[in-house]
Amino acid sequence: MKPHRLYIIMCILSLLFLAGCRDEEPVQSAESKRTITVNLGIAMSRVVLDDTDLGDDSQPTDMKVWIFNQDNTVKVDYYEINNPIFSGSDALGELVNTYERIIELENEVTALNFYVVLNSGNAQGLSPFLDENSMPDQIKAAFFTGLQNVTADNEVPAYGCEENFDVSDHKNSYSVPTINVTRAVGKLEVLFTKESEDSYLKINKVEITQGIPTKGYLAEVSDNDDRSYDEGSIMLFESEQEQEGVIDDDMFLPQSEASYGDFSLHADKFQSLVQEYLLENPNGKEWNDEKHDWTYPNVPDGETYCYVLKIDYQTLEGENPKSKNIYLPIIERNTWNKIFVRVKRKEIDMEFELLVEPWHEIDIEVPPFV
């Protein structure tokens, strides 16, 4: 009986040893090919209120993933998912979609390149159209003319890639570093407050009147940027009813409580009227204050193509509306640009300040994302 027991034990140990080597030795599916398992994690910047909240709770509407060989001449895999679920989080707190793919590779493939596009169906005028036959150069150069069917932060077009991932050691299974996707647009929010509790303030209209790009790019471009600018306008807010646009009684911030330049520290005293997604616009002054708060000049010199925000408002009920232009700075992808506006009845009638934040970060000294 003892030899039989010894034989059984040796068999069990052999099986355990072989299981431990599973990731080290590939299974050959043919003489010139091998089959590998690829574990993908795709991360999307979350928009959070705190460590547990997912912001506006939105999810992407579609996701496309291409995998190519090391020189991007051969597509080795492609998949697309409608309504992909991003849940949980990685070490950085980002939302993650995980997926396992079994891929058959030629043995001469030494590296893989991964390309990910979210919400391509929401990119109006997307060119070229992206599908399983698209090549990396086409994906990287793709542009769109606007947004369609976008109602939430995580429905805007986004792009990410991981290139030169080494598979030359011919293991059976690989875990790819998390692929971070970046939103291809910026976000603009405009918030208003009054000078005192008994002040009256009504916002009649907020619109973009200059600097509207004709296109945006899925991937960030440094060369071959050939976008031009329309002379039209984009209506962001318009009061259609008597009380619409009237700033609430409890939304006021006296000069004694907050100096010009510190508005973002008192975000609870501002009423948000506008939240809009904008195509990138590289024209405009750059903000450079370490606090991220920036007071911007009314009419900067030489800014022909930057975004201009026009605000029509009243400080007395029934009076004729006044207008003010705000020349916006550079609008970059994946940034949340907050304009805090305090309207006064005397002296300077309007003060405005810019807070620019990465769309995915939380800083305890600035207002939480809403």
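Scoring rules and cut-offs
- Residues numbered from 1 in each chain as written.
- Predicted model: local features only at pLDDT ≥ 70, side-chain atom pairs only at ≥ 80, totals over all residues.
- Heavy atoms only, no water.
- Pairing = 2+ DSSP bridges.
- Helix = DSSP H or I, 4+ residues; strand = E, 2+ residues; numbered from the N terminus.
- Axes fitted to C-alpha atoms, helices over the stretch in contact; angles between N-to-C directions.
- Phe/Tyr/Trp six-rings, centres within 6.5 Å; stacked < 30°, edge-to-face > 60°.
- Lys NZ or Arg CZ within 6 Å of the ring centre and 35° of its normal.
- Buried < 20%, exposed > 50% of the residue type's maximum accessible area, 1.4 Å probe, protein only.

J.: Would you mind going over the sheet that holds strand β18 (residues 234–238) in detail, with residue names and values included?
T.: Spatially, the four strands line up as an open sheet ordered β18-β14-β21-β22, and their pairing is antiparallel. Two strands close off the open sheet at either side, each with one partner strand: β18 and β22 (322–327). Between one strand and the next, the sheet's axes are offset by a mean angle of 15°, whatever the strand orientation. Pairing of strand β14 (residues 202–210) with strand β21 (residues 308–314) involves seven bridges; the strand directions are antiparallel. The residue of β21 that forms the bridge with glutamine 210 is valine 308.

J.: Talk me through the packing of aromatic side chains; I want residue IDs and the actual numbers.
T.: Taken as a whole and judged by the stated rule, the model has eight aromatic pairs. Relative to tyrosine 99, the ring of tyrosine 79 lies with its centre 4.7 Å away and its plane at 15°, an arrangement referred to as stacked. You can see tyrosine 79 sitting in strand β4 (residues 75–82) and its partner tyrosine 99 sitting in strand β5 (residues 95–106), a full 20 residues away along the chain. Sitting above the plane of the phenylalanine 143 ring, lysine 215 keeps its charged end 4.0 Å from the centroid.

J.: Which residues make up the pairing of strand β13 (residues 185–194), and what values go with them?
T.: β13 sits mainly inside the fold: ten of its ten residues count as buried. Residues Val185, Lys187, Glu189, Leu191 and Thr193 of β13 are buried on one face, and the alternating residues Gly186, Leu188, Val190, Phe192 and Lys194, pointing to the opposite face, are buried as well. For β13 and strand β19 (residues 271–279), the ladder comprises eight bridges, and the chain directions are antiparallel. Across the sheet, leucine 188 pairs through a bridge with glutamate 276, a residue of β19. Sheet topology places β13 next to strand β23 (residues 335–343); eight bridges connect them, and they run parallel. Residue pairing across strands places leucine 191 opposite phenylalanine 340, the latter belonging to β23.

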